[in-house]
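Remarks on the overall topology
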Amino acid sequence: EAAEAELREWFDSQSDEFMRPCVEYFTAGEFDSDNPNEENEPCAAGWYARLSAHGYMDCTEWQGPYATESEAARGLFETFGD
């Protein structure tokens, strides 16, 4: 599918950029320093995505939850893709 190829191309090209895609699964109520919920309250279970500068504190807000890893990656692409 052309849309998936476009997503994969964008996702792969971002690995060489300062801000890189980060897609992670969080369980319901999970707490840690990367909790998608800024208020540090329990999050809904699902896939979350953001752009992150590895080795730095810079990152975008978490987006999600999404039902699948692919949907989370698609959300990043739709928000930040060229």
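Above: the structure in question.
Notes on the structure follow. (Residues numbered from 1 in each chain as written. Predicted model: local features only at pLDDT ≥ 70, side-chain atom pairs only at ≥ 80, totals over all residues. Heavy atoms only, no water.)

1. Points about the overall build of the protein chain
Counting secondary structure elements, the protein chain contains two helices and three strands. Secondary structure elements in the protein chain, listed N-terminal to C-terminal, are α-β-β-β-α. Long-range contacts, defined as pairs at least 24 residues apart, comprise 45% of the intrachain contacts of the protein chain with a sequence gap of at least 6. Surface exposure of the protein chain reaches about 5,300 Å², of which carbon and sulfur atoms provide 47%. (Helix = DSSP H or I, 4+ residues; strand = E, 2+ residues; numbered from the N terminus. Contact = heavy atoms within 4.5 Å. Areas by Shrake-Rupley, 256 points an atom, 1.4 Å probe, with all protein chains shown as cover.)

2. What to know about the nonpolar core
Counting residues in hydrophobic clusters, the biggest one holds nine residues: Leu7, Trp10, Val23, Ala49, Leu51, Ala72, Ala73, Leu76 and Phe77. Of all elements in the fold, only helix H1 (2–14), strand S2 (46–52) and helix H2 (69–80) reach the threshold of two or more residues within this core. If one sorts the elements of this core by residue count, H2 sits on top with four residues. Leu51 has contacts with Trp10, Met19, Arg20, Pro21, Cys59, Thr60, Leu76 and Phe80, leaving out every residue within four places of it along the chain. (Core = buried A, V, L, I, M, F, W, Y, C linked by side-chain atoms within 4.5 Å. Buried < 20%, exposed > 50% of the residue type's maximum accessible area, 1.4 Å probe, protein only.)

3. With respect to the packing of aromatic side chains
Summed over the entire model, instances satisfying the criterion amount to three aromatic pairs. Look at Phe26 and Tyr48: their rings are 5.5 Å apart centre to centre, the planes differ by 85°, and that puts the pair in the edge-to-face class. One end of the pair, Phe26, is in strand S1 (residues 20–26); the other, Tyr48, is in strand S2, with 22 residues separating them in the sequence. Seen from their ring centres, Phe26 and Trp62 are 5.4 Å apart, and the 80° between their planes marks the pair as edge-to-face. Separated by 36 residues along the polypeptide, Phe26 in strand S1 and Trp62 in the loop between S2 and strand S3 (63–66) bring together distant segments of the chain. (Phe/Tyr/Trp six-rings, centres within 6.5 Å; stacked < 30°, edge-to-face > 60°.)

4. Considering unusual backbone geometry
What is expected of a backbone is that most residues other than glycine have negative phi and most peptide bonds are trans. Gly64 connects to Pro65 through a cis peptide bond whose omega is 10°. One can find Pro65 in strand S3.

5. What to know about the sheet that holds S3
Read from one edge of the open sheet, three strands run S1-S2-S3, paired in antiparallel fashion. In the strand order of this sheet, the two ends are held by S1 and S3, each with one partner. Ignoring strand direction, the axes of neighbouring strands in this sheet form an average angle of 25°. Where H2 meets the sheet, it contacts S1, S2 and S3, and its direction lies at approximately 35° from that of S2. (Pairing = 2+ DSSP bridges. Axes fitted to C-alpha atoms, helices over the stretch in contact; angles between N-to-C directions.)

6. Focus on the side chain of Thr60
Note that Thr60 resides in the loop between S2 and S3. Ignoring anything within four residues of it in the chain, the contact list for Thr60 reads Met19, Arg50, Leu51 and Phe80.

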